[in-house]
Amino acid sequence: MSKKVAFITLGCKVNQYESNGMAQKFLEKGYKVVEHTEKADIYVVNTCTVTNISDRKSRQMLRRVKEINKDSIVIAVGCYVQVAKQDVEKIPEIDLCLGNDEKANIVDFAEKYIKDKIKEVPMQDVLKSKEFVDFGEVVFTEKTRAVVKIQDGCDRYCSYCIIPYARGRVRSRNPENIIEEIKEIVKKDIKEVVITGIHIASYGKDFKNGYKLIDLLEEINKIEGLERIRLGSIEPLLINEEFISRLKKLDKMCPHFHLSLQSGCDETLKRMNRRYTTEEFKNIVKIIRNNYSDAMLTTDVIVGFPGETEEEFENTYKFLKEIKFYKIHVFKYSQRKGTKAAVMPNQIDGNIKEERSKKIIELSDSIQEEYNKSYIGKEIEVLFEEEKGEIYKGHTKNYILAYCKTNENLNNKIVKVVCKKAYINHLECVINNK
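Described in the following lines is the structure provided in the data block. Since we're looking at a predicted model, the values are computed, not measured.

## A short note on the packing of helix α1 (residues 13-28) against helix α4 (residues 106-116)
Contact pair α1 / α4: the axes reach a minimum separation of 9 Å and the direction vectors enclose 55°. Between α1 and α4, the crossing angle belongs to the class labelled oblique. For the pair formed by α1 and α4, the contact residues are Met22, Lys25 and Phe26 on the first element and Ile106, Val107 and Ala110 on the second. Looking at the contact of α1 with α4 residue by residue, the class counts come to 5 nonpolar, no polar and 1 charged.

What follows is the structure in structure tokens.
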């Protein structure tokens, strides 16, 4: 019988992609990939360290998996290991620790441990890494949309963020490898790819030939059989008239833009070391909406950043109300050891963070519901990705969640439906049988 391996993935889409890549490496060596709730020989916990809560969740999962099979091998990989290896190694349930640059060789390290109990794996200092670590063509995915990683690292050093220390400098992936991977993904009848990375706006920054993200997207758009291209989170300053004028010519691009705002107050943005003003951000939104009538904008906002006064918070609230993002992901500021913000004066009380978070979530819900109600009676195209009984779930091109009850098989199909009802989080639709 083949050995079984299970994955627990915490954090971002880059981690999701890398877990897929590691799973594929194990499959190629004859292992069977199972759910992490099942008994497995090896458990891989792909950790996240973006907040202290992420660290805690990573530790909890690393301890918990051994309960399923006390004889299993537990491998901790990823960002939390990269920035806190000495702390992670103290967790008794862990057998092996690997940083981010070691992920692509996980099977070799695992088998060395099984054979010779070699526990010490030298970990690359990612701040010195100059080359993109390529997993090869990652076609393993359990979903009808595939995540494709195009770059690693970030050079922005926002004052609250530990990620540059966990991921290192910007390293871009060879465009030919990306194109080949997507062509292989399309052969599996996957219709949508999500372009992801740690800071995808920086793609090509380390190339000497001037090749940029928009050049890559134009090449991806030519791939036969691919129906949709979706961008992951993007740096707002990527967007200008030239970028959008080229982007809107690409018929496969999804008009969904996740622009990380973080604050709607200029003073707070300065302390965060974000490199734009609210006025510049407003102009970026204007460029998008002038070119895409159906553009859906989502964002991230941090409340309770050190020194955020009531007035600064109100400025953020008013700005969010004015921009009308479809969805606002709200994060209560969490002190992250090793960042500049962790030692800033005027740290905000937890109760105040909670109040501010609730206020923005309420605003987000009301705007989202208003947007969704505007679709009642309209025809929309949905790529259906999941089924439960006769209920199919999927997303529109601009990333609105839609449900459809039918006895037809809609799985992995792009279907025209009509919205009949709208709720905060989804649309209720019927197939358009015109």
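Having put the structure on the table, let's press on.
## Regarding the environment of Asn315
Checked against the element boundaries, Asn315 lands in helix α11 (residues 310-323). Residue Asn315 is classed as partly exposed on the basis of its relative accessible area of 28%. Each C-alpha atom, one on Asn315 and one on Val5, is 49 Å from the other, the two residues being 310 residues apart in sequence. Contact partners of Asn315, with chain neighbours within four places excluded, come to Gly264 and Cys265.

## Section: the sheet that holds strand β7 (residues 171-172)
Across the sheet, 4 strands lie side by side as β7-β6-β8-β9; this open sheet has mixed pairing. The sheet is open, and its two edges are formed by β7 and β9 (228-231), each paired on a single side. Note: strand β8 (residues 192-197) against β9, 4 bridges, orientation parallel. The residue of β9 that forms the bridge with Glu192 is Arg228. This element, α1, spans β6 (145-152) and β8 of the sheet and lies at about 105° to β6. Docked against the sheet, helix α6 (residues 175-186) engages β6 and β8, running at close to 170° with respect to β6.

## Looking at the pattern of salt bridges
A full pass over the atoms with the stated rule returns 36 salt bridges. Residue Asp108 pairs with Lys29 through a salt bridge whose shortest N-O separation is 3.7 Å. On the criterion of sequence distance, the pair formed by Asp108 in helix α4 and Lys29 in the loop between α1 and β2 (32-34) is long-range, its members being 79 residues apart. Note on Lys29: relative accessible area 46%, which makes it partly exposed. For the salt bridge of Glu308 with Arg356, the shortest nitrogen-to-oxygen distance reads 2.9 Å. Of the two residues, Glu308 is situated in the loop between β11 (296-303) and α11 and Arg356 in helix α12 (residues 350-373); the sequence distance between them amounts to 48 residues. Of the two residues, Glu308 and Arg356, neither departs from the other in class, the shared state being buried. When salt bridges with common partners are traced through the structure, they connect Glu18, Lys103, Lys149, Asp152 and Arg167 into a single cluster.

Conventions used here
Residues numbered from 1 in each chain as written. Predicted model: local features only at pLDDT ≥ 70, side-chain atom pairs only at ≥ 80, totals over all residues. Heavy atoms only, no water. Axes fitted to C-alpha atoms, helices over the stretch in contact; angles between N-to-C directions. Helix = DSSP H or I, 4+ residues; strand = E, 2+ residues; numbered from the N terminus. Parallel < 35°, antiparallel > 145°, perpendicular 65-115°, else oblique. Contact = heavy atoms within 4.5 Å. Nonpolar A, V, L, I, M, F, W, Y, C, P; charged D, E, K, R; others polar. Buried < 20%, exposed > 50% of the residue type's maximum accessible area, 1.4 Å probe, protein only. Pairing = 2+ DSSP bridges. Salt bridge = Lys/Arg side-chain N within 4 Å of Asp/Glu carboxyl O.

In short, geometric facts, not functional conclusions.
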